[in-house]
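Below, each chain spelled out in residue letters.
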Amino acid sequence: MFTIASRRILNAGTHSCANNGLSSFISLRCMSSLPSTMKAAVVREVGDAHALKVENDFPTPQIKPGQVIVKNQYAGINFIDTYHRKGLYPRDLPFVGGQEGGGIVAAVSDEAAAEGIKVGDPVAYSVFGTYAQYTAVPASKLLPVPEGVGLDVATSCVVQGLTAHYLTTSAHADLIKPGEWCLIHGVGGGTCQWAAQMAKLRGFKVIGTCSKGKADIAKTLGCDELIVLNEVEGASYEDYESVDIVARVMEVTEGKGCKAVIDGIGKSTVDISINSLAHRGIFVSFGNASGAVPAFPVLRLIGKSAYVTRPKLLDYTVDRAELVWRANEVFGWLKEGKLNVSVDRCFPLDEAAEGHLYLEAGKSKGKVLYQID
C-alpha cells in the first residue's frame, strides 16, 4: 500500500516540480527541484533503429493534477516500440520512445498524494514516453513494487508480464480449459517466456516453439512439448518452415489440435496457427515479429468453426481494478517463485539504437531494458 507523506513547495526557479500554466502556485510534493531539461531517446522522423536519437536537453514533463513524476531507473524495450519507431503504429511526431518504465516517485500532485502515493515510492507503470529520465504518469497507472521484487523485474512485468497474463487468462475467451492443449510460438524470448509459464499455471498443456539458439532457456519453462526450429540469421523469429509444426502438433494432440494458439510472430506463422487449431479453437494473434498478418477470408475458419482475435493490452486493463488484479497476480507468482523472469540485457540509454537493433535481430533470451542514470 502507498502511504501519505507530503509537503508544500513554492513554484519557483527553473522547474520546481512543475507549473501547470494556470497559477503561480501549485500544491505539490517533490523530492527536490526537478531540472527543466532531461536526457531522452526521441523519434523526430520514423525509420530504422537510428531514428531513435538521444537528446540531453529534452523538456522535462510538467506535472498535472492527478499525476506523479517518476524518476526512471529502467525502461523496457518491446517490439511495439519498434512498430511506433518505424511508423507501423503511427504516433504524432516528435515523441519520446517507450511505454514501460520503473523508478522512484520524484513528485506528486495533491490528488495523487490523497491516494497515498509519496515521494520515494518504488513504482512500475505503462504510459508513453519512458525512454527518458523523467515521465509524468497518472496515479491510476502506477503499480507499487512489492518488497522482494527488483525494479528491473518489476519493469519487465508491466508490458510483457501483463500481456502474457491477459493472453493466458482472458484473450482466449475461456475456449480452452485446464487439461487442453495450447500452442505458443517463440517461447525462447520475451513475452512468450512468461506466457508459457502462465499457461502451465492455468493448467493448460503447452506446446512451445523456439529456435535452436534459445532452446536452453525454453527447456526451463515447463512446456509439455518443445518444437525446436532452425534460426533465421539476423531476424527476431525462427525458421517456421524447418519443421512441419502442424504435423507435430497433430501427433502430440492425437489429431485433435490446440484449443488456443498464442502467436506473436505474425506473417510467418498465421497458416501454421490456423491449421493447428482444434475444433472451436481460437487463434490469438498479438504481434508482428515477422511482419503483419495478411488479410484472409473469414470463410477460412469454417472448417473447424474456429475463432480469431487480435487483442491489445489496453483493452485488458480498462480500469484500475483490472490493472491491479493482473499485476497482483503476476507479482504474487514472482514472490512465490512460480515465475522465472529472465532479464537478458540492460543497455544504457545512450545506446538507444543498439537496444532496438539487439531486439530486432532476435538475440534476446529474455527481457531487454534500458538502464537510465
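In what follows, the structure referred to is the one given above.
How each quantity is defined
Residue positions are given per chain, counted from 1 along the sequence in the order it is written. Under the rules for a predicted model, residues below a pLDDT of 70 receive no local features and side-chain atom pairs below 80 are neither given nor counted, while totals for whole chains, interfaces and linings still include all residues. Hydrogens and water molecules were not included; the side-chain quantities draw on all heavy atoms of the structure. By the criteria applied, helices consist of DSSP H or I runs no shorter than four residues and strands consist of E runs no shorter than two, each listed in order from the N terminus. Only C-alpha atoms enter the radius of gyration, while the globule expectation follows 2.2 Å times N to the 0.38, with N the number of residues. Summary of the burial criterion: residues with accessible area below 20% of their type's maximum are buried, those above 50% are exposed, and those between are partly exposed, where the area comes from a 1.4 Å probe applied to protein chains only. Should any heavy atoms of two residues lie within 4.5 Å, those residues are counted as being in contact. Methods summary: accessible areas were calculated by the Shrake-Rupley approach with a probe of 1.4 Å, and residue burial reflects only the protein chains presented. In this tally Asp and Glu are treated as negative and Lys and Arg as positive; neither His nor the chain ends contributes. For this purpose, a charge sits on NZ of Lys, CZ of Arg, CG of Asp or CD of Glu. An axis is simply a line fitted to the C-alpha atoms; with a helix, the fit covers only the stretch in contact. Between two such axes, the angle follows the N-to-C directions and lies from 0 to 180 degrees. The scheme is simple: roughly parallel for angles under 35 degrees, roughly antiparallel for over 145, roughly perpendicular for 65 to 115, oblique for anything else. The sense of a crossing depends on the near helix, which, turned anticlockwise from the far helix by less than a right angle, makes the crossing left-handed and, turned clockwise, makes it right-handed. We call two N or O atoms a polar contact when they sit within 3.5 Å, provided that within protein one can donate a hydrogen and the other can accept it, with sequence-adjacent residues counted only if both atoms are side-chain atoms. When DSSP finds two or more bridges between a pair of strands, those strands are recorded as paired. As used here, the arc belongs to the directions running from the helix axis to the C-beta atoms. Salt bridge, as applied in this entry: a Lys or Arg side-chain nitrogen positioned within 4 Å of an Asp or Glu carboxyl oxygen. Put simply, a nonpolar core is a bunch of buried Ala, Val, Leu, Ile, Met, Phe, Trp, Tyr and Cys residues held in one set by side-chain atoms that sit within 4.5 Å of each other. In this analysis, rings of Phe, Tyr and Trp, with Trp reduced to its six-membered ring, are considered paired at centre separations within 6.5 Å, and the interplanar angle assigns stacked below 30 degrees, edge-to-face beyond 60, and tilted for intermediate values. Cation placement over rings: the criterion is NZ of Lys or CZ of Arg within 6 Å of the ring centroid and within 35° of the ring normal. When two cysteine sulfur atoms are found within 2.5 Å, that pair is recorded as a disulfide.

### Concerning the overall build of the protein chain
Across its full length, the protein chain holds nine helices and 17 strands. Relative to the compact-globule value of 21 Å for 373 residues, the protein chain shows a C-alpha radius of gyration of 22 Å, a close match. Projected onto its principal axes, the C-alpha positions of the protein chain cover 70 × 40 × 40 Å. Residue burial in the protein chain is summarised as follows: out of 373 residues, 55% are buried. By sequence separation, contacts in the protein chain at least 24 residues apart represent 66% of the contacts at least 6 residues apart. Accessible surface, the protein chain: about 15,700 Å² in total, of which carbon and sulfur atoms supply 52%. With 37 positive and 39 negative side-chain charges, the protein chain shows a separation of 3 Å between the mean positions of the two kinds.

### Quick look at the packing of helix H3 (residues 151-169) against helix H4 (residues 191-201)
The interhelical angle for the contact between H3 and H4, taken along N-to-C directions, is 45°, at an axis separation of 8 Å. Considering their axes alone, H3 and H4 lie oblique with respect to each other. Two packed elements cross with a definite hand, and for H3 against H4 that hand is right-handed. Of H4, the residues touching H3 (which contributes Ser156, Cys157, Gln160, Gly161, Thr163, Ala164, His165, Leu167 and Thr168) are Thr191, Trp194, Ala195, Met198 and Ala199.

### Notes on the side chain of His185
Along the chain, His185 falls in the loop between strand E10 (181-184) and H4. A polar atom in the side chain of His185 sits 3.3 Å from the side chain of Thr209. In this structure, His185 is in contact with Cys192, Thr209, Tyr240, Val261, Ile262, Asp263, Ile265, Thr269, Ile272 and Ser273, ignoring residues within four places of it in sequence.

### Side note on the sheet that holds strand E3 (residues 52-59)
Two pairing modes exist for strands in a sheet, parallel and antiparallel, and in both the strands are linked by backbone hydrogen bonds. Strand order in the open sheet formed by three strands is E3-E2-E5, with antiparallel pairing between adjacent strands. Where the open sheet ends on each side, the last strands, each with one partner, are E3 and strand E5 (95-96).

### Digging into helix H6 (residues 245-252)
Residues of H6 that are buried include every one of Ile245, Val249 and Val252, and no others. End-on view of H6: buried residues confined to an arc of 70°, all on one side of the axis. The secondary structure elements touched by the buried residues of H6 are E10, strand E11 (205-211), strand E12 (225-229), strand E13 (258-263) and helix H7 (270-275). Just downstream of H6, Glu254 is the residue with a positive phi angle, here 55°.

### Concerning the pattern of salt bridges
Counted by the stated rule, this structure contains 16 salt bridges. The salt bridge involving Asp373 is made with Lys39; its shortest N-O contact spans 3.6 Å. Linking Asp373 in the segment after strand E17 (367-371) with Lys39 in strand E2 (residues 37-43), this pair joins segments that are 334 residues apart in sequence. Given a relative accessible area of 13%, Lys39 falls into the buried group. A salt bridge links Arg248 to Glu251, with the nearest nitrogen and oxygen atoms 3.0 Å apart. In this pair, Arg248 and Glu251 are both assigned in helix H6, three residues apart and thus about one turn of the helix distant. Look at Arg248 and you get partly exposed, because its relative accessible area is 25%.

### As for the nonpolar core
Within the largest apolar cluster, 48 residues are counted, with the highest numbers of intra-cluster contacts made by Ile184, Val187, Trp194, Val330 and Phe331. Contributing elements (two or more residues each) for this core: H3, E10, H4, E11, helix H5 (215-218), E13, strand E14 (277-285) and helix H8 (320-335). No other element matches H3, which puts nine residues into this core. Ignoring anything within four residues of it in the chain, the contact list for Val330 reads Cys157, Gly161, Leu162, His165, Trp194, Met198 and Leu339. Core analysis: the second largest hydrophobic core is formed by 29 residues, Phe95, Tyr131, Ala352 and Ile372 among them.

### A look at the sheet that holds E14
Spatially, the six strands line up as an open sheet ordered E12-E11-E10-E13-E14-E15, and their pairing is parallel. In this open sheet, the two edge strands, each paired with only one partner strand, are E12 and strand E15 (307-309). Ignoring which end each strand starts from, the neighbouring axes of this sheet average 15° apart. H6 rests against E10, E11, E12, E13 and E14 of the sheet, and its axis sits at about 165° to E12.

### So, the packing of aromatic side chains
What characterises a pair of aromatic rings is the spacing of the ring centres plus the angle enclosed by the ring planes. Within this structure, the stated rule accounts for four aromatic pairs. For the ring pair Tyr131 and Tyr370, a centre distance of 4.8 Å and an interplane angle of 85° mean the geometry is edge-to-face. A residue pair is termed long-range when its members are at least 10 positions apart, and Tyr131 in the loop between strand E7 (122-125) and strand E8 (134-138) and Tyr370 in strand E17 qualify at 239 residues. Classification of Tyr131 as buried rests on a relative accessible area of 0%. Exposure remark for Tyr370: the relative accessible area of 0% places this residue in the buried category. The ring of Phe128 is capped by Arg91, whose NZ or CZ atom sits 3.8 Å from the centre of that ring. A cation sits over an aromatic face here: Arg300 above Phe296, 5.9 Å from the ring centre.

### Focus on the state of the cysteines
Applying the stated rule across the entire model yields zero disulfides. Considering cysteine sulfurs only, Cys192 is the nearest to Cys157, which forms no disulfide, with 15 Å between them. On the basis of relative accessibility, which here comes to 0%, the residue Cys157 falls in the buried class. You can see Cys192 has no disulfide; the closest cysteine sulfur is in Cys182, sitting 9.1 Å from it.

### Focus: the side chain of Asp263
Tracing the backbone shows Asp263 in strand E13. It turns out Asp263 is buried and unbridged, and the closest side chain with the opposite charge, Arg310, is 9.3 Å from it. Here Thr269 takes part through its side chain, which lies 2.7 Å from a polar atom of the side chain of Asp263. Within the structure, the side chain of Asp263 is placed 2.7 Å from the side chain of Ser273, a separation counted as a polar contact.

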